[in-house]
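# Fold and geometry: a report
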Amino acid sequence: MADIELRNLSKHFGTLAAVDDIDLDVEAGEVVCLLGPSGCGKTTTLRMIAGLEDVTAGDIFIAGQRVNDLAPRDRDIAMVFQFYALYPSLTVADNLAFPLHAEKITKEEIDRRVHEIASLLDLSHALNRVPGRLAEGEKQRVAVGRAVIRDPQCFLFDEPLSRLDIAVRQEMRGQIKQLLNGLHKATVIVTHDQIEALTIADRIAVMRDGIIEQVASPHDIFAKPANVFVAGFIGTPQMNLIEARVVDADEDTATVNTLGQEVVLPLHAEVSLQGGGGRRDTPLTVGVRPRGLEPVSEAGPATISGRVDLIEPMGAETLIHLRIGDDDLRVVTSRGLTASVGETLHVAPAEGQVHLFDHDGMRIAS
Amino acid sequence: MARRRREIGKAGWGRTAFSTVISFIYFFPVLWIILTAFKTHTDALSTPPKFIFTPTLENFVSVFARAYERGGAAVDTHFDLFFFNSIFIAGASVGVALVIGTIAAYGFSRWPLRGNETYLFIILTTRMLPPIIVIIPIFIMFRLSGLSGSYIGIILLYAAFNLPFTIWMMKSFFDEIPREVEDAARMDGSSEMKIFFRICLPQVKAGIAATAVFGLILTWNEFLFALLLTGRDTRTVPVAMAQTIGGDIGVRWGLLAAIETLFLIPVVFVTFLLQNQLLRGVTFGTIKR
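Residues numbered from 1 in each chain as written. Chains lettered and ligands numbered in written order. Predicted model: local features only at pLDDT ≥ 70, side-chain atom pairs only at ≥ 80, totals over all residues.

## Here we look at the sheet that holds strand β18 (residues 327-333) of chain A
Residues and elements named next belong to chain A.
- Strand order in the open sheet formed by five strands is β15-β19-β16-β17-β18, with antiparallel pairing between adjacent strands. Among the strands making up the open sheet, the edge pair consists of β15 (293-296) and β18. Recorded for the sheet is a direction-independent mean angle of 50° between the axes of neighbouring strands.
- Where strand β16 (residues 304-313) and strand β19 (residues 344-349) come together, four bridges link them in antiparallel fashion. When the bridges of β19 are listed, Ser305 appears paired with His346. (Pairing = 2+ DSSP bridges. Helix = DSSP H or I, 4+ residues; strand = E, 2+ residues; numbered from the N terminus. Axes fitted to C-alpha atoms, helices over the stretch in contact; angles between N-to-C directions.)

This is the structure:
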C-alpha cells in the first residue's frame, strides 16, 4: 500500500511553465482524476510521476520515498497510455508477459498470470494475435492488463478511454471502476472528459494553465466549485455565469442587479454576504446551473425574464436559451414545457442552486 | 497477388493498357539486353534488328571462359570471382552502413544533440560533392594506408558513402514510430538496450529493408571508385565489364548483354525478396495508423 505525494512540483519547457508549483496527495487505494482542458499540464504531471519527464522543481514521493531521480522502471508504477502503446511486434500474450520479464519469476508463473489476466479481461481468444489485429476495445483491455499484471505500487492512466466510441467507453468505464476498486492502489487518471472523472474518481483535481484550481470529491467539485473556472468547466450544459452588482443582502437572500433586472436570489446556507461582500455595488459573478433554473408562470421579485431564443430538445430534457440583452441564459427543464421561440419566459433560481463568486472569481462562502 | 488483381480491376482497362505501354517503353532497353544475351554475334549485329532468332547460351558460357585470341584456347575469365566480389562488397558495405547508420539514426531521433539538425546537415554534405572531386585525396589515402586493392578498403569506402543516406532514411523511420511504446517499455522495466532491440527495431523492419535495397543498388552499380581502388582480385563486375569491351573482333555485344543479364539477377532477386517490406517502407507514415 503506497501513496503518492506531489510537493511544489513544477515543470518548465523553456520559459513556459507547463506545471506550476502544484501540491497533490493521493492516498493508498484512492483514485484521483486530473481533469482539465488540453494543455493544462495534466499529462505532464502524470509523466513526471511516471518518471518519463524530468522534474524542474519540487518533489515526488511514492510511499514516502523521494523518487525524483529514480528511473521509471525503479518506481514500481504501471501506466496505461492514451494510445495504448502496445508492443506492435509482440502477440497479446507477449505484451501481457512483457512487464514480468523484468522480474525474477519462472516461465510457468508468467504463463499462469498471463492466462489469469486474459480470462479476467476476456482476452483469452486473442492471446496469439498481434495488436494490429485487435479491435479498439480489445487493445484497451490489453493495455490495462499489461498494467495490472505486475501488481505495482500505483497506477497511472493517461486518457484511458478517449479512443473508444461511446458505447464501448461506457462499458469500459464501468469495468475500470470495478477493477480499480478491487486493486485498491493509489491511482492517478488523466482525462479531459468530466463524465469519466465524475464517475471513476474518488477525488478530482481540476487543472488549468499548470495549476490545480480545486481538489475535491466529485460531489463537491460539482456542488461547490471553488472558482468561476471550475464552475464553468464542470457540468453540461455549462453553468450560467452572469455579472451582477449587489443591491442588498441579508442572511438568506441577496438582491442583485443583473442582466438589467433586480433579482432576489435565495442563498445557500453556507454562503454569506454579511460584512464586506454585501456592500452595495460590490461586483459579483452569479452562477446558476441550467438545471437550477425553474420556469415559473408569473414574473416576481425572484425571477429573471428573457425572450426564448433557441430550443434544443435533449431527449428527456429540453435546453432553452433565453436572450436577455446581449447575454444568453441556459435553462434545462424536464417538464413538458410548451415554450416557443420569441415568447417571454420567467425563471427562478432554485433554493441552494445559486453560487456566488467575488470579482476575482473565487467562491464566496461563509 | 490478390491485391494486385483488385487494383487492376479498379483501374479499368484503358488505364491499364496505357500503363502497360509506358512500362514497355521504359523496360524496352532491359528487354533488348536480355534478348541480345541469347543471340549469336551475327544476330546481335544484324540490321534490321532481329526479334525472332535461335537462342544460344554461348554468350553465357563465354562470360566465364573464353578465348582471348581468334582460334585460341578458352581461358578462365575469373568472372565468378568478380560476381562474388560484387555481392560480397555490396553486401558487406551495406551491412556495415546499416549497423552504424541505424544506431546513429536512433540516437539522432531519440537523443537529439544540441544542434542536431546541423549535425544531420553536415552528414549529408559529404554526399553533395560529385565523387570525382574527392577521388584524388581518397586515392592517395588508400595508397598511403595500403587499403588500395583490398576488400576492407572498398567496403569501408562504400559503407562511408552509404552512411549519410542510411542515417537520414532510418532517422525518418524512427521519427515516425510513436514514443509512447518506448515509454511503456521503460515503465515495464526494460533497459534502453532492450527497448532498442525488442521494441524499436522490429517496428522499422520495413525501413531497414527499403534502405538496404537502395544502398545495395547504389553500391552494386558503382563504377568510378571500383575502377581506381579495387585490385585484380577484388575487382567488381562493372569494372570487369568495362574491361571486356574491345578485343580483336570488335565489341562483343552478346557477351556484354549476357554479363548485364547476370548482373541484373541479384538485384531483381533481392528486390523481390524484400518487395512487401519495401512497399511498406516507401509508404511508411502515409497511412493513418
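Having seen the model, we can carry on.
## Some details on the interface of chain B and chain A
- Taken together, the contacts link 13 residues of chain B with 16 residues of chain A.
- If you list the elements that add at least two residues to the side of chain B that touches chain A, you get α9 (179-187) and α10 (192-203) of chain B. (Contact = placed C-beta atoms within 7 Å.)

## Some thoughts on the packing of helix α2 (residues 13-37) of chain B against helix α14 (residues 253-273) of chain B
Residue and element names in this part refer to chain B.
- With their axes 7 Å apart at the nearest point, α2 and α14 run at an angle of 120° to one another. Where α2 crosses over α14, the handedness of that crossing is left-handed. Every residue of α14 that contacts α2 at Ile33, Ile34, Thr36 and Ala37 is listed here: Trp253, Gly254, Ala257, Ala258, Glu260 and Thr261.
- Taken together, the residues that form the contact of α2 with α14 break down as six nonpolar, three polar and one charged. (Left-handed = near helix turned anticlockwise from the far one by under 90°. Nonpolar A, V, L, I, M, F, W, Y, C, P; charged D, E, K, R; others polar.)

## What to know about helix α2 (residues 92-101) of chain A
Residue and element names in this part refer to chain A.
- In terms of burial, α2 is a largely internal element, eight of the ten residues being buried.
- Those residues of α2 that fall on the buried side of the exposure criterion are Val92, Ala93, Asn95, Leu96, Ala97, Phe98, Pro99 and Leu100.
- At its buried positions, α2 is contacted by α3 (107-120) and α4 (136-148). (Buried ≥ 20, exposed ≤ 12 C-beta atoms within 10 Å, placed from the backbone.)

## Focus on the sheet that holds strand β9 (residues 203-208) of chain A
All names here are of chain A.
- What the six strands build is an open sheet, ordered β6-β7-β8-β3-β9-β10; its pairing is mixed. Taken across any chain shown, the strands that pair with only one partner, and hence form the sheet edges, are β6 (77-80) and β10 (211-216). Shown here is a sheet whose adjacent strand axes are inclined to one another by a mean of 20°, direction ignored.
- Sitting on the sheet, α4 is in contact with β6 and β7 (154-158), with an inclination near 175° to β6.

## Side note on unusual backbone geometry
- The amide bond that connects Thr236 of chain A to the next residue, Pro237 of chain A, takes the cis arrangement and shows omega of -10°.
- Mapped onto the elements of the fold, Pro237 of chain A is located in the loop between α8 (228-233) and β11 (240-249).
- A cis amide bond, omega -10°, links Thr47 of chain B with the succeeding residue Pro48 of chain B.
- Structurally, the position occupied by Pro48 of chain B is in the loop between α3 (41-45) and α4 (58-64).
- Positive phi outside glycine occurs at Tyr84 of chain A, with the angle close to 70°.
- Tracing the sequence through the fold places Tyr84 of chain A in the loop between β6 and α2.
- Using a count of 24 C-beta atoms within 10 Å as the deciding quantity, one classes Tyr84 of chain A as buried.
- Here Ala85 of chain A, not a glycine, exhibits a phi torsion of approximately 50°, which is positive.
- Among the structural elements, Ala85 of chain A can be located in the loop between β6 and α2.

## Thoughts on the domain arrangement of chain A
Residues and elements named next belong to chain A.
- Partitioning chain A into domains gives domain 1 (4-233) and domain 2 (240-357).
- Contact residues are listed per partner, giving five residues for domain 1 and five residues for domain 2.
- In the side of domain 1 that touches domain 2, the residues fall into three nonpolar, two polar and no charged. (Domains from an automatic or database assignment.)

## Observations concerning the packing of helix α13 (residues 237-244) of chain B against α14 of chain B
All names here are of chain B.
- Between α13 and α14, whose axes approach to 10 Å, the crossing angle comes to 170°. Accordingly, the angle class assigned to the pair α13 and α14 is roughly antiparallel. Here Val237, Met241 and Thr244 of α13 lie close against α14, whose contacting residues are Leu255, Leu256, Ile259 and Phe263.
- Here the contact of α13 with α14 is built from residues that sort into six nonpolar, one polar and no charged. (Parallel < 35°, antiparallel > 145°, perpendicular 65-115°, else oblique.)

## Quick word on the pairing of strand β17 (residues 318-324) of chain A
All names here are of chain A.
- Pairing between β16 and β17: six bridges, direction antiparallel. Bridging from a neighbouring strand, Glu312 pairs with Leu319 of β17.
- Counted along the chain from β16 to the antiparallel partner β17, the turn is four residues long, and its residue Gly315 has a positive phi close to 90°.
- In the sheet, β17 pairs with β18 via seven bridges, with the strands oriented antiparallel. Directly across from Ile320, in β18, lies its bridge partner Val331.

## A short note on the environment of Gly300 of chain A
- Inspection of the secondary structure assignment puts Gly300 of chain A in the loop between β15 and β16.
- The spatial distance from the C-alpha of Gly300 of chain A to the C-alpha of Val347 of chain A is 9.5 Å, given a sequence separation of 47 residues.

## A closer look at the nonpolar core
- Counting 162 residues, the largest nonpolar core has Cys33, Met79, Leu96, Leu156, Val188 and Ala205 of chain A as its most contacted members.
- Once residues lying within four places of it in the same chain are set aside, the contact partners of Cys33 of chain A are Ile189, Thr191, Ala197, Ile200, Ala201, Ile204 and Ala205 of chain A. (Core = buried A, V, L, I, M, F, W, Y, C linked by C-beta atoms within 7 Å.)

## Looking at the pairing of β11 of chain A
All names here are of chain A.
- Note: β11 against strand β14 (residues 283-288), six bridges, orientation antiparallel. Following the sheet pairing, Arg245 is matched in β14 by Pro283.
- Relative to strand β12 (residues 253-258), β11 runs antiparallel, the two sharing five bridges. Opposite Arg245, over in β12, you have Asn257 as the bridge partner.
- Counted along the chain from β11 to the antiparallel partner β12, the turn is three residues long.

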